[in-house]
Amino acid sequence: ATDDRFSDDNGDEFTQYDIVDGQQRLTTISILMIEMIRQFKMLGSKNAAALRSRYIATTKDGVPMPKLKLNRDTNDYYRKCIISVEDDISVVPKIFSEQRLHEAQQFFRERFESKKTELGDEFPEWLDETRAKVVSQMKLTVYLVPKESDVGVIFEVMNNRGKPLTEMEKVKN
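Notes on the structure follow.

Rules and cut-offs
Going along each chain's sequence as written, the residues are numbered from 1 onward. Predicted model: local features are reported for residues with pLDDT of at least 70 only, side-chain atom pairs are reported and counted for 80 or more only, and whole-chain, interface and lining totals are derived from all residues. Think of the side-chain values as coming from all heavy atoms in the structure, minus any hydrogens and water. The rule for a salt bridge is simple: a side-chain nitrogen of Lys or Arg has to be within 4 Å of a carboxyl oxygen of Asp or Glu. Labels follow the DSSP assignment, with helices taken as runs of H or I lasting at least four residues and strands as runs of E lasting at least two, numbered in each case from the N terminus. Classification of residues uses two cut-offs on accessible area relative to the type maximum, computed with a 1.4 Å probe and protein chains only: under 20% is buried, over 50% is exposed, and between them is partly exposed. The pairing test for Phe, Tyr and Trp rings, Trp by its six-membered ring, is centres within 6.5 Å, and the orientation test on the planes gives stacked under 30 degrees, edge-to-face over 60, and tilted for anything in between. Between N or O atoms, a polar contact is any pair within 3.5 Å; within protein, one atom must be a potential hydrogen donor and the other a potential acceptor, and residues adjacent in sequence are included only when both atoms are from side chains. Throughout, a residue-residue contact means that at least one pair of heavy atoms, one from each residue, lies within 4.5 Å.

1. What about the pattern of salt bridges?
At step 1: Going through the model one piece at a time under the given rule, you end up with eight salt bridges.
At step 2: One salt bridge in this structure joins Glu 103 and Arg 100, with 3.4 Å as the shortest N-O distance. Separated by three residues within a single helix, Glu 103 and Arg 100 lie in helix α4 (residues 96-119), roughly one turn from each other.
At step 3: For Arg 100, a relative accessible area of 45% puts it in the partly exposed group.
At step 4: Residues participating in the shared-partner salt-bridge network are Glu 35, Arg 38, Arg 109, Glu 113 and Lys 116.

Right, here's the structure in full:
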């Protein structure tokens, strides 16, 4: 964990943490939320802006502050193409990890569109029920690591399930 604390433009206080394990899960959840927010926005719901500021990005001094910051190789793409308000899908992913983010976005987008077609007038209610499940029933386990030097050991223990980690996985950690 880092000791990076800040207040956003609404006066809400935040603490930034480094994620040792679980970035992929959090990224997937954020993409699910982004596509859910997109659906609320298309329905003209006020929920869209509130969900965005609560779960995806806040502002500090008028500058957007994403609540999740990815690794260097994918963070710019995530900010500009995945969580951007403009919804610009014309930017082509350049590397494999960007392609994976794009595919996840398309996966959720297609699922919501399919559900909208299937449910018709019942879609807004289903969307709100789904939102409630995601924001109220999902549980995440957080372990605060007291010393930075313990992070590598914890990462290796959590991820070494009978199969040795490659040097690349260790370096990435």
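2. Overview of the packing of aromatic side chains
At step 1: For the structure shown, the criterion picks out four aromatic pairs.
At step 2: Summarising the aromatic geometry, the rings of Phe 6 and Phe 14 are spaced 5.4 Å apart at their centres and angled 25° between planes, so their arrangement reads as stacked.
At step 3: Phe 6 gets classed as buried once you look at its relative accessible area, which sits at 15%.
At step 4: Geometrically, the ring pair formed by Phe 107 and Phe 108 is edge-to-face, given 5.3 Å between the ring centres and 75° between the ring planes.

3. Some points on the side chain of Glu 35
At step 1: By the secondary structure assignment, Glu 35 is in helix α1 (residues 23-42).
At step 2: Overall, Glu 35 belongs to the buried group, its relative accessible area being 1%.
At step 3: Here Arg 109 takes part through its side chain, which lies 2.9 Å from a polar atom of the side chain of Glu 35.
At step 4: Ignoring anything within four residues of it in the chain, the contact list for Glu 35 reads Gln 105, Phe 108, Arg 109 and Phe 112.

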